[in-house]
Amino acid sequence: MTTLRYLIWKEFLQIRRNSFMPKIIFVFPIVIMCVMPWVMNQEVKHIVVETVDNDRSPSSERLIRQIEASRYFVFAGQRPSWQAALSDIEQSRADIVVVIPPHFGRDRSSGRPSPLLIAANAVNGTKGSIGSAYLSQMVVPAHEETFSLKTLYNQTQSYKVFIIPALMGILMMMLCGFLPALNIVGEKEKGTIDQINVTPVQKWAFILAKLIPYWIIGLLVLSVCLLLAWAVYGITCQGPLVLVYVLAVVLALFFSSLGLTISNYSETMQQAMLVMWFFVVCLMLLSGLFTPTRSMPDWAYATTYVNPMSYFIDGVRTVFVRGGGLADIARQLAALLGLSTAMAVWAVVSYRKNH
């Protein structure tokens, strides 16, 4: 244990003496938490809408004023005909055109169906589909509504509440995955790791000394993220905060072990960075971090069963947003712990200490 303590102290000294490392450790989470929730917002706004009013009734005027007053739309005025409006869509001057049919007001007041044409520019599929959905909800008359909506969690439907727990996972992935891998490969390139290999330092002590400092840094960064979420956005964890830390520790174990495994097979820092980046991007994009996993094809959805980020994001959102307890995340925690243990064993077995 004395040897391990000195090795850990050596790692902290190396981090402190590196002029770049302390800056990235403290600046990176601040930038991620203070900038990304604003720019990663998937709410669709500033949808340019034009109308073609073939009815000219009070009902059609009221509908147009309702569209104009919406915060999601930018009303670009009325066009005299469908051809003129279609030309604006083709020239990307409009995103959506609403065509109001003749006798719209009369049919609406008498209870008869009065279909509207909503034509959307689907070059940007997300903007077109979501904008059309917004308009469809707006034009449905009150007496035709057959359902009511009650939001149980995240009642303001703020995307920041949804994305902030995921950003914490990204930070743990980057700090506890990339940094240990680059640290070890960097020592390989400098030749300093050979000096450790010829000493009687045990393999487990060397590995733990390389990983523990970054686990500590990861937990400190997580604490900073939670503080920034409360101070900047007024968002707090709805469930037991200790469960967020438990999930983060197990995730850190996986990615630090993954980084160590990659460093064991890499000879240069460039090689380690490219391989690590490949795995990180794949795990991140297939985890449900940005989009629901059930929206993926079946073959892609099957990868979530061995994706630790998927279990972490599901678990941390359950605790952070829904206020779930240990029983609610037992499956995610068990799967994450199993994957992390397997990766840790691989990291230890693949490391070769040459005497």
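Because the structure is a prediction, the values reported are computed rather than measured.

(A) Representation of helix H7 (residues 159-190). When the terminal C-alpha atoms of H7 are compared, their 45 Å separation across 32 residues agrees well with the 46 Å that a helix rising 1.5 Å per residue should span. Summarising burial for H7: 27 of the 32 residues are buried, a large majority. Where H7 terminates, the next one or two residues include Gly191, which has phi positive at roughly 90°.

(B) How the structure looks around the packing of helix H13 (residues 308-320) against helix H14 (residues 330-350). As a packed pair, H13 and H14 sit with axes 9 Å apart at the nearest point and diverge in direction by 150°. Taken together, the axes of H13 and H14 lie roughly antiparallel to each other. Taken as a pair, H13 and H14 cross one another with a handedness that is left-handed. Every residue of H14 that contacts H13 at Pro308, Tyr311, Phe312, Asp314 and Gly315 is listed here: Arg331, Gln332, Ala335, Leu336 and Leu339. By residue class, the composition of the contact of H13 with H14 is six nonpolar, two polar and two charged.

(C) Layout of the nonpolar core. Met33, Ile163, Ile164, Phe255, Leu258, Leu289 and Phe312 are the most contacted members of the largest nonpolar core, which has 63 residues in total. Looking at this core element by element, the count peaks at 17 residues for H7. Residues contacting Ile164, with those up to four places away along its chain left out, are Met33, Pro37, Ala229, Tyr233 and Ile235. Among the nonpolar cores identified, the runner-up in size contains 15 residues, and Val49, Ile64, Tyr72 and Ile100 belong to it.

(D) Layout of the pattern of salt bridges. The tally for this structure, following the rule as stated, stands at seven salt bridges. One salt bridge connects Glu50 with Arg79, and the closest N-O pair in it is separated by 3.2 Å. Of the two residues, Glu50 sits in strand S1 (residues 47-53) while Arg79 sits in the loop between strand S2 (73-78) and helix H4 (82-90), which places them 29 residues apart along the sequence. Look at Glu50 and you get buried, because its relative accessible area is 1%. Put simply, Glu50, Arg79, Asp88 and Arg93 are held in one network by salt bridges that share partners.

(E) Representation of the pairing of S1. In terms of burial, S1 is largely enclosed, as seven of its seven residues are buried. Neither face of S1 is open: one carries Ile47, Val49, Thr51 and Asp53, the other Val48, Glu50 and Val52, and all of them are buried. Where S1 meets S2, four bridges bridge the pair, whose relative direction is parallel. Its bridge partner being in S2, Ile47 is matched across the sheet by Phe73.

(F) Examining the environment of Leu117 more closely. Assignment of secondary structure puts Leu117 in strand S4 (residues 117-120). Between the C-alpha atom of Leu117 and that of Pro180, which follows or precedes it by 63 residues, the distance is 57 Å. Apart from the residues within four sequence positions on either side, Leu117 is in contact with Trp82, Val97, Val98 and Val99.

(G) Spotlight on the sheet that holds S2. The four strands lie next to each other as S2-S1-S3-S4, forming an open sheet whose pairing is mixed. Only two strands of the sheet have a single partner each, and these edge strands are S2 and S4. In this sheet, adjacent strand axes meet at a mean angle of 20° when their direction is disregarded. Pairing of S1 with strand S3 (residues 96-100), which is carried by five bridges, proceeds in the parallel orientation. Bridge assignment links Glu50 to a residue of S3, and that residue is Val97. Relative to the sheet, helix H3 (residues 58-69) contacts S1, S2 and S3, its axis offset from that of S1 by approximately 170°.

(H) Spotlight on the packing of aromatic side chains. With the rule as written, the count across this model stands at six aromatic pairs. Arranged with centres 5.3 Å apart and planes meeting at 75°, the rings of Phe278 and Phe279 form a pair that is edge-to-face. Taking the relative accessible area as the measure of exposure, Phe279 reaches 36% and is therefore partly exposed. Where Tyr301 meets Tyr305, the ring centres are 5.7 Å apart and the plane angle is 80°; that geometry is what we call edge-to-face. Overall, Tyr301 belongs to the buried group, its relative accessible area being 18%. Taking NZ or CZ as reference, Arg294 lies 3.8 Å from the ring centre of Tyr301, over its face. The side chain of Arg317 reaches across the aromatic face of Phe162, ending 3.6 Å from its centre.

(I) Highlighting H13. When the terminal C-alpha atoms of H13 are compared, their 18 Å separation across 13 residues agrees well with the 18 Å that a helix rising 1.5 Å per residue should span. Of all 13 residues in H13, 12 are buried; the element is thus mostly enclosed. Inspection of H13 places Pro308, Met309, Ser310, Tyr311, Phe312, Ile313, Gly315, Val316, Arg317, Thr318, Val319 and Phe320 among the buried residues, and these make up the whole buried set. Buried residues along H13 sit against H7, helix H9 (203-233), helix H10 (241-265), helix H11 (269-285) and H14. Its side-chain oxygen 3.0 Å from the backbone nitrogen of Met309, Asn307 forms the N-cap of H13.

(J) Examining the side chain of Lys160 more closely. With respect to the secondary-structure elements, Lys160 resides in helix H7. Apart from residues no more than four positions distant in its own chain, Lys160 is found in contact with Pro37, Trp38, Tyr233 and Ile235.

What counts, and at which threshold
Residues numbered from 1 in each chain as written. Predicted model: local features only at pLDDT ≥ 70, side-chain atom pairs only at ≥ 80, totals over all residues. Heavy atoms only, no water. Helix = DSSP H or I, 4+ residues; strand = E, 2+ residues; numbered from the N terminus. Expected span 1.5 Å × (residues − 1). Buried < 20%, exposed > 50% of the residue type's maximum accessible area, 1.4 Å probe, protein only. Axes fitted to C-alpha atoms, helices over the stretch in contact; angles between N-to-C directions. Parallel < 35°, antiparallel > 145°, perpendicular 65-115°, else oblique. Left-handed = near helix turned anticlockwise from the far one by under 90°. Contact = heavy atoms within 4.5 Å. Nonpolar A, V, L, I, M, F, W, Y, C, P; charged D, E, K, R; others polar. Core = buried A, V, L, I, M, F, W, Y, C linked by side-chain atoms within 4.5 Å. Salt bridge = Lys/Arg side-chain N within 4 Å of Asp/Glu carboxyl O. Pairing = 2+ DSSP bridges. Phe/Tyr/Trp six-rings, centres within 6.5 Å; stacked < 30°, edge-to-face > 60°. Lys NZ or Arg CZ within 6 Å of the ring centre and 35° of its normal. Polar contact = N/O pair within 3.5 Å; in protein donor to acceptor, adjacent residues only side chain to side chain.

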